Amino acid sequence: MKSVVMGIVGPVLDRGAGPSRWEHWRPSVSVCQQEDLLVSRFELLYQESFAKTAKQVRQDIQSVSPETEVRITPISFKDPWDFQDVYASLHDFCKSYPFNEEEEEYLVHITTGTHVAQICLFLLAETRHLPAKLLQTSPPRRKHTANVIGNYQIIDLDLSRYDRIASRFQRELREDLSFLKSGIETKSPLFNAIIERIEKVAIHSDAPILLEGPTGAGKSHLARRIYELKSARREVEGPFVEVNCATLRGDAAMSTLFGHKKGAFTGAQRDRAGLLNSADKGILFLDEIGELGLDEQAMLLRAIEEKKFLPVGSDQEEESNFQLIAGTNRNLKSWVAKGEFRDDLLARINLWTFCLPGLKDRKEDIAPNLDYELDQFETTAGIHARFNKEARSLFLDFARSTDGLWKANFRDLNAAVTRMATLAPGARINVETVKEETDRLKESWQVEAAEEADSNLIRTLGRKRALTLDRFDQVQLEEVIRVCHESRSLSDAGRTLFSVSREKKKKSNDADRLRKYLAKFDLDWARITG
Amino acid sequence: MLNLDGSMGEGGGQILRSALSLSLAKGIPFTVKNIRAGRRKPGLLRQHLTAVNAAVAIGMAEVEGAELGSETLTFCPTTVQGGDYSFAVGTAGSATLVLQTVLPALMTADVPSRLELSGGTHNPFAPPFDFLERAFLPLMTRLGATVTAHLERPGFYPAGGGMFRVEVNPVATLSPIELGERGEVIGKRVFAYVSNLSRQIGKREIKRVKRRLSEENTEYCVVETSGSMGPGNLVAIDVESECLTEVFIGFGVRGVSSESVADQAIDATRRYLASGAPVGEYLADQLLVPFALAGGGMFLTSKPSRHTLTNLEVVNLFTEVKARMKDRGKHVEISLG
């Protein structure tokens, strides 16, 4: 691999015409005097007015380093302190330079030239327009010695190559991840992978982020942690603004989001800034984004794409630069199919989509989250509540079992802990407290399950009665009732319900079988179809 | 294939240069490991690489590991090819070190050689041209091969840009010589070189030499050289005795007074004259390899340097000639064969 150095002639540091020029340190020459650096080519750029210095430097390099070919190239910036001018010239040079990275290794010498030139070279190297490492030379430590060569250092901008820096980044990364997880030692590989990805995106991008996940999976909490992390990293200056779109209805929705002008509608007695405005330079978290009306969606899309929007009743656009985090517990694609969500808006916001798993899919994280919730309770209520050993394992066993449906996810866990900690005698949560709580949880989930069963059953039996049934019976009876609704008579329904077993029987009495089954639940044909 | 450990003895570049010289002249391939191990910048530096490349050219050698920073080098010479060569050497890799590496082999090559060496000729970290020309090369001629050198222009550190030519008329076999005594001092010559600097510096240096060394049979000369790139100053004191000439050098350094520069050369000369040994410290380093190739010989020196001891070890690895050291009271006798 040949080393090729690129640098700008230093009008001050590199100058010198008489023999005494050898008595002071000249950075460009010193590059070629290093005993352990062999430069096979030096691309020396110079401003026209310093052609003499460039030629002198070339001659002197050839003397101290006959192995080095020196090419001098004039460069056209007029004012070496004008950033645009210098950057453009150097950028042009880089674009036209035939880099051959297979055979040559490039070093850009940043010791000479104005600070502006150094900055430009650095930027070009950092963006790989100039595929080079940085070369920094420094004068000898002591003046008045025979050594005028000084030292050099090669700086690779790929920071991952430096062990100590890399381990610093590792530590920072661990801290960030832990921060996003609120310090909870989560074990779920699925969840941890999502958090790692979010960390990357959250720190380095201000593109929209979409958080999918069931109610209570922690979308809102996570959105806030992302904001706090970015805020700590000075990636955002503005505030965190949060709204659940399900609470925005009708005209108020537009006005809440985008603001309004005084007199825009009845009751608009003064100007009002919308949430988008408040979120300027910050983060706007729109939870349940699928609940937004189509008009609001259109306006939001424009606000994301162009950073501009029109407050209600205003003819003057306002600007706001915010990062959007959207939350949804539904599959927005199916909403698009139904025409309820704009596909262009979805396309814009699902660049980074993260599906947060529900708690029942993160069984390994229940224990650490349980401790977290206890700590949180202590912080808010000031009570240091703890499980006894038996109670803790009883609760965890239930939580991780198939009974642990965790329909509202962390919201359920939080509520459960709050109740247990509050009810615990002497702040010790015992087996009795746990049993009481698990029963309560089961019941509430059954209610929801029953509701979800959408619910011929509840309509026919009444909610209370329906909830006294086993889930086994709930499912069966729900289907039986549905078939009855679709049938002309009890016998017709019986034939449908027992169609397989009746094939094998000589004589069938399907209607009677069905009547007996229904009777067990105090039901009959008339009550079902009536 | 000979295996060397580069960290033995002085542990620097000298092992490599001596090994290259002996390998070329004897046609023995070698591998050296741990080149300059433990130095701040270990492995081959540019000056070593230049020496390796010159040896490759002269010996039509195959080489592995000839890269900057390489700590292992394998060198397999085929035949030594006398003839015309020109070697351009950067500042720190003094051109005289390159000559030192390739010269022994060319002294017994089939045909005469003419070398043009450019770069540093007067460098504090290498034998300066004056020493080669008037102390070292005449002894090579006495071994049988006529070697002469002519300085076109000096190249001082750090500007370099000097040039000298060397002509080598080889012999089939070198004959051993003995430098057991110095004989009477016939005379001294004192040169003060100034290049791109005030002549006054040279005058002050001569004045200092006159004050501190006997003026008997001594010639003085301030030499103003032109054509070299950078500033340079040097005091060379030749001590011509019946048996040989020794040369002692003081290097001008920016910020050091002319008197101190002269004192370096004067002190070395006085130590040499007081010791009575014919061969000074630097010359002793240089003589071991050619003496070993001549198959024998001996010389007396004062206390041998680490470079000398290291060369002794390397010589014993490459040749069947046994190099030995004997304590002769005030002096040390080094004998080969």
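Refer to the preceding data block for the structure.
Quick summary incoming for the structure in this document. None of these values were measured; they are calculated from a predicted model.

1. So, the overall build of chain A
- What chain A contains, in helices and strands, is 23 helices and 15 strands.
- A total of 530 residues make up chain A; the buried ones form 47% of that total.
- Long-range pairs, those at least 24 residues apart, make up 69% of the contacts in chain A between residues at least 6 apart in sequence.
- About 27700 Å² of surface is accessible on chain A, with carbon and sulfur atoms providing 48% of the total.

2. Quick word on a positive patch on the surface
All names here are of chain A.
- Taken together, the side chains of Arg164, Arg168, Arg171 and Arg174 make up a positively charged region of the molecular surface.
- Mapping Arg168 onto the fold places it in helix α5 (residues 163-180).
- For Arg168, a relative accessible area of 49% corresponds to the partly exposed category.

3. A word on the side chain of Gln323 of chain A
Residue and element names in this part refer to chain A.
- Relative to the assigned elements, Gln323 resides in strand β12 (residues 323-328).
- A polar side-chain atom of Gln323 sits 3.0 Å from a polar atom in the side chain of Lys230.
- Residues within four places of Gln323 in sequence aside, it is in contact with Ser205, Asp206, Ala207, Ile209, Lys230, Gly282, Ile283 and Leu284.

4. Points about the environment of Gly290 of chain A
All names here are of chain A.
- The topology assignment puts Gly290 in the loop between β9 (283-287) and α10 (294-306).
- A sequence separation of 45 residues divides Gly290 from Trp335, and the C-alpha atoms of the two residues are 7.6 Å apart.
- Not counting residues up to four positions away in its chain, the partners in contact with Gly290 are Leu332, Trp335 and Phe341.

5. Description of the pairing of strand β11 (residues 218-225) of chain B
- Bridge count between strand β10 (residues 185-195) of chain B and β11 of chain B: eight bridges; the pairing is parallel. If you follow Val190 of chain B over to β11 of chain B, its bridge partner there is Tyr220 of chain B.

6. A word on the pattern of salt bridges
- Evaluation of the coordinates by the stated rule reveals 47 salt bridges over all chains.
- Among the ionic pairs, Arg71 of chain A bridges to Glu43 of chain A, the shortest N-O distance being 3.3 Å. Of this pair, Arg71 of chain A sits in strand β3 (residues 69-75) while Glu43 of chain A sits in strand β2 (residues 39-47), placing them 28 residues apart in sequence.
- Measuring nitrogen to oxygen at the nearest pair gives 2.9 Å for the salt bridge that ties Asp344 of chain A to Arg342 of chain A.
- Judged by relative accessible area, which is 31%, Asp344 of chain A ranks as partly exposed.
- Given a relative accessible area of 29%, Arg342 of chain A falls into the partly exposed group.
- Each member of the salt-bridge network shares a partner with another, and the members are Asp130, Glu133, Arg134, Arg189, Asp238 and Glu240 of chain B.

7. Quick word on the interface of chain B and chain A
- Chain B puts 24 residues into the contact, and the matching count from chain A is 23 residues.
- Regarding the contact of chain B and chain A, the summed buried area is about 2100 Å², with carbon and sulfur atoms giving 55% of it.
- When the buried area of chain B at its contact with chain A is split by residue, Arg46, Met229 and Arg254 of chain B rank highest and sum to 36% of it.
- Linking chain B to chain A there are three salt bridges.
- For Arg254 of chain B, the salt bridge is made with Glu23 of chain A, and the minimal N-O distance between the two is 3.3 Å.
- Seen at the junction of chain B and chain A, the total is 10 residue pairs in polar contact (both at pLDDT 80 or more).
- Considering each element in turn, the side of chain B that touches chain A owes the most residues, three residues, to helix α2 (residues 46-59) of chain B.
- Residues that form the side of chain B that touches chain A fall into these classes: 13 nonpolar, eight polar and three charged.

8. Focus: the nonpolar core
- Counting 98 residues, the largest nonpolar core has Met140 and Leu287 of chain B as its most contacted members.
- Ignoring any residue separated from it by four or fewer positions in sequence, one finds Leu287 of chain B in contact with Phe136, Leu139, Met140, Leu179, Val279 and Phe299 of chain B.
- Leu210, Met254, Leu284 and Met299 of chain A belong to the second largest nonpolar core, which has 31 residues in total.

9. Comments concerning the packing of helix α6 (residues 189-204) of chain A against helix α7 (residues 219-232) of chain A
Residue and element names in this part refer to chain A.
- In contact at an axis separation of 10 Å, α6 and α7 are set at 45 degrees when each is read in the N-to-C sense. On the basis of the axis angle, α6 is oblique to α7. Considering the relative orientation of α6 and α7, their crossing is right-handed. In this structure, α6 uses Ile195, Ile198, Ala202 and Ile203 to contact α7, whose residues at the interface are Leu222, Ile226, Leu229 and Lys230.
- Looking at side-chain class alone, the contact of α6 with α7 contains seven nonpolar, no polar and one charged residues.

10. Here we look at α2 of chain B
- Under the 1.5 Å per step criterion, the end-to-end length of α2 of chain B is 20 Å for 14 residues, consistent within 8% with the ideal 20 Å.
- Most of α2 of chain B sits inside the fold, with 11 of its 14 residues counted as buried.
- Looking at the buried side of α2 of chain B, the elements it contacts are α2 (51-64) of chain A together with α1 (13-26), β3 (62-64), β4 (73-76), β5 (84-88) and α3 (95-106) of chain B.
- One or two steps after α2 of chain B, the chain reaches Met60 of chain B, where phi turns positive at roughly 40 degrees.

11. Here we look at the layout of surface pockets
All names here are of chain A.
- When its volume is computed, the second largest pocket comes out at roughly 510 Å³.
- Along the wall of the second largest pocket there are 28 residues; nearest its centre are Gly216, Ala217, Gly218, His221 and Phe410.
- At the level of secondary structure, the elements contributing two or more residues to the lining of the second largest pocket comprise α6, α7, α13 (366-381) and α15 (410-423).
- In terms of residue class, the lining of the second largest pocket is made up of 10 nonpolar, 11 polar and seven charged.
- Residue contributions to the lining of the second largest pocket reach at least three from each of two domains, namely domain 2 (176-264 + 272-355) and domain 3 (361-451).

12. Looking at the environment of Ala88 of chain B
- Its place among the elements puts Ala88 of chain B in strand β5.
- On the basis of relative accessibility, which here comes to 40%, the residue Ala88 of chain B falls in the partly exposed class.
- Once residues within four sequence positions are removed from consideration, Ala88 of chain B is found in contact with Pro66 of chain A together with Thr50 and Ser118 of chain B.

13. Examining the sheet that holds strand β8 (residues 240-244) of chain A
All names here are of chain A.
- Strand order in this open sheet of five strands is β8-β9-β12-β7-β13, and the pairing throughout is parallel. The strands lining the two open edges of the sheet, one partner per strand, are β8 and β13 (352-355). Each neighbouring strand pair of the sheet contributes to a mean axis angle of 15 degrees, computed without reference to strand direction.

14. Some points on empty space enclosed by the protein
All names here are of chain B.
- Taken as a whole and judged by the stated rule, the model has five cavities of 30 Å³ or more.
- Here the largest cavity defines a volume of roughly 90 Å³.
- Lining the largest cavity we find Gln14, Ser18, Ser21, Gln100, Leu103, Pro104, Phe136, Asp285, Gln286, Val289, Pro290 and Asn311.
- If you list the elements that add at least two residues to the lining of the largest cavity, you get α1, α3 and α7 (281-294).
- Among the elements that line the lining of the largest cavity, the one with the most residues is α7, at four residues.
- Partitioned by chemical class, the residues of the lining of the largest cavity number five nonpolar, six polar and one charged.

Rules behind the numbers
Residues numbered from 1 in each chain as written. Chains lettered and ligands numbered in written order. Predicted model: local features only at pLDDT ≥ 70, side-chain atom pairs only at ≥ 80, totals over all residues. Heavy atoms only, no water. Helix = DSSP H or I, 4+ residues; strand = E, 2+ residues; numbered from the N terminus. Buried < 20%, exposed > 50% of the residue type's maximum accessible area, 1.4 Å probe, protein only. Contact = heavy atoms within 4.5 Å. Areas by Shrake-Rupley, 256 points an atom, 1.4 Å probe, with all protein chains shown as cover. Patch = residues over 30% accessible without salt bridge, like charges linked within 9 Å, V, L, I, M, F, W, Y side chains within 5 Å. Salt bridge = Lys/Arg side-chain N within 4 Å of Asp/Glu carboxyl O. Lys, Arg positive; Asp, Glu negative; His and termini not counted. Charge placed at Lys NZ, Arg CZ, Asp CG, Glu CD. Polar contact = N/O pair within 3.5 Å; in protein donor to acceptor, adjacent residues only side chain to side chain. Pairing = 2+ DSSP bridges. Buried area = accessible area lost by both parts, 1.4 Å probe. Nonpolar A, V, L, I, M, F, W, Y, C, P; charged D, E, K, R; others polar. Core = buried A, V, L, I, M, F, W, Y, C linked by side-chain atoms within 4.5 Å. Axes fitted to C-alpha atoms, helices over the stretch in contact; angles between N-to-C directions. Parallel < 35°, antiparallel > 145°, perpendicular 65-115°, else oblique. Left-handed = near helix turned anticlockwise from the far one by under 90°. Expected span 1.5 Å × (residues − 1). 1 Å grid on protein atoms, 1.4 Å probe; cavity = no way out; pocket = protein on both sides within 12 Å on 5 of 7 lines; lining within 4 Å. Points joined across faces, edges and corners; volume = space filled by probe spheres on them. Domains from an automatic or database assignment.

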